[in-house]
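Single-letter residue listing:
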Amino acid sequence: MFSITDDHWLQGARRVESPNADLRPRPHTGLACEMDLIVLHNISLPAGVFGSPYIDQLFTNQLDFNAHPSFAELRGLEVSSHLLIRRSGEIVQYVAFDRRAWHAGKSNYQGRERCNDFSIGIELEGTDTLPYEDVQYTQLVAVVDSLIKRYPSLSFTGITGHSDIAPGRKTDPGEAFDWTRFQLGLAGRRQAV
């Protein structure tokens, strides 16, 4: 299990702060919107290339758009995620959990739009079609378990893929993501308590 600091950063994660984040909206209560959803994504830059510095650069608005032909379509894009779990198992945090990361875009979860407002975004370094690494599942289960223990508004049932909140627009985490394996890992954590 991971520890989450009072200022909402995951201990042990490499910290790379993204400017692409802001305060969660405050409804009429004056309190920040409660996080009750975890959204799983995948990312690789360029597509199918792993271990490059380009994800950090994209999320910090420092990507050299001339470094690869596919980067031209990313010009002007301001995005981020709370976490990235690399294929090596390294975890990178870009946005504090209490802040809104810009990961979901136009989205809808169970009739609620603007999923960025109430979600935590976790990127897995990968593609829709290549199997994820064992260590990524191990780290993802541990991170999600830690988040649920730290933030009571989150739950084991409030976890979805980007493809589910933006159907037709997004396909990640893709067919290669083993939801059964992930759910069994979480179930093992719950039973161990």
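This text goes with the structure placed above it.
Here is what the cut-offs are and how they apply
Sequence positions are assigned chain by chain, starting from 1 and proceeding in written order. Given that this is a predicted model, residues contribute local features only at a pLDDT of at least 70 and side-chain atom pairs are listed and counted only at 80 or more, while totals for whole chains, interfaces and linings are drawn from all residues. To obtain the side-chain values, all non-hydrogen atoms of the structure were used and water was disregarded. Only one rule defines a salt bridge in this text: a Lys or Arg side-chain nitrogen within 4 Å of an Asp or Glu carboxyl oxygen. Secondary structure counts use DSSP, requiring at least four H or I residues in a row for a helix and at least two E residues in a row for a strand, with both numbered from the N terminus. Three labels apply to residues, based on accessible area from a 1.4 Å probe with only protein chains included: buried if under 20% of the type maximum, exposed if over 50%, partly exposed otherwise in between. Put simply, buried Ala, Val, Leu, Ile, Met, Phe, Trp, Tyr and Cys residues joined by side-chain atoms within 4.5 Å make one nonpolar core. A contact between two residues is defined here by any heavy atoms of the two lying within 4.5 Å. Strand pairing is defined by DSSP finding a minimum of two bridges between the two strands. Think of a 1 Å grid over the protein atoms and nothing else: a 1.4 Å probe that fits but is trapped marks a cavity, an open set flanked by protein within 12 Å on at least five of seven lines marks a pocket, and residues with an atom within 4 Å of a point count as lining. Grid points are joined across faces, edges and corners, and a volume is the space filled by probe spheres set on the points. Residue count minus one, scaled by 1.5 Å, sets the expected span of a helix.

Observations regarding the pattern of salt bridges
Side chains bearing opposite charge may pair, as long as their charged atoms lie close to each other.
Then, number 1: Under the definition given, this model contains twelve salt bridges.
Then, number 2: Across the salt bridge formed by arginine 112 and aspartate 36, the nearest N and O atoms sit 3.0 Å from each other. With arginine 112 in strand β8 (residues 112-113) and aspartate 36 in the loop between β2 (21-23) and β3 (37-43), this residue pair connects regions lying 76 residues apart in the sequence.
Then, number 3: Overall, the relative accessible area of 32% leaves arginine 112 in the partly exposed class.
Then, number 4: Several salt bridges converge on common partners, so that one network encompasses Arg14, Asp56, Arg86, Glu90 and Glu125.

Quick word on the nonpolar core
Then, number 1: Judged by nonpolar contacts, the single largest core of 31 residues is most densely connected at Leu10, Ile122, Leu140, Val144, Leu147 and Phe182.
Then, number 2: Looking at this core, the elements with two or more residues in it are β3, β4 (83-85), β9 (119-125), α2 (134-150) and α4 (179-192).
Then, number 3: Contacts of leucine 140, omitting those with residues within four sequence positions, involve Leu40, Ile85, Ile122, Leu124, Phe177 and Phe182.

Topic: the pairing of β9
Then, number 1: Taking burial as the measure, the seven residues of β9 include seven buried ones, the bulk of the element.
Then, number 2: The alternating pattern of β9 places Ser119, Gly121, Glu123 and Glu125 and Ile120, Ile122 and Leu124 on opposite faces, both of which are buried.
Then, number 3: Across seven bridges, β3 lies against β9 in parallel orientation. When the sheet's bridge partners are listed, valine 39 is paired in β9 with glycine 121.
Then, number 4: When β4 meets β9, the two strands line up parallel, connected through three bridges. Across the sheet, the residue bridging to isoleucine 85 is leucine 124, located in β9.

What to know about the layout of surface pockets
Then, number 1: In this model, the largest pocket occupies a volume close to 690 Å³.
Then, number 2: For the largest pocket, the lining is made up of 30 residues, of which Asn42, Ile43, Leu74, Leu77 and Lys170 are closest to its centre.
Then, number 3: Sorting the residues of the lining of the largest pocket by element identifies β3 and α1 (54-59) as the ones contributing at least two each.
Then, number 4: Here the element with the most residues in the lining of the largest pocket is β3; it accounts for three residues.

Structural notes on α2
Given 3.6 residues per turn, any residue in an α-helix points the same way as the ones three and four places further on.
Then, number 1: Between its first and last C-alpha atoms α2 spans 25 Å; for 17 residues at 1.5 Å apiece the expected length is 24 Å, and the two agree.
Then, number 2: Burial analysis of α2 places twelve of its 17 residues in the buried class, which makes it a mostly covered element.
Then, number 3: Looking at α2, one finds that the buried residues are Gln136, Tyr137, Gln139, Leu140, Val141, Ala142, Val143, Val144, Asp145, Ser146, Leu147 and Ile148.

Considerations on the pairing of β3
Then, number 1: For β3, the buried fraction is high: seven of the seven residues fall into the buried class.
Then, number 2: Alternating residues of β3 divide into Leu37, Val39, His41 and Ile43 and Ile38, Leu40 and Asn42, and every residue in both groups is buried.
Then, number 3: Bridge count for β3 against strand β10 (residues 159-161) is three bridges, and the pairing is parallel. In the strand pairing of β10, valine 39 is matched with threonine 160.

Observations concerning the environment of alanine 96
Then, number 1: You can see alanine 96 is positioned in the loop between β5 (91-93) and β6 (99-101).
Then, number 2: Looking at alanine 96, the relative accessible area reads 6%, which means it is buried.
Then, number 3: As a C-alpha pair, alanine 96 and alanine 142 span 46 residues in sequence and 18 Å in three-dimensional space.
Then, number 4: The residues touching alanine 96, leaving out its near neighbours within four places in the chain, are Asp7, His8, Trp9 and His82.

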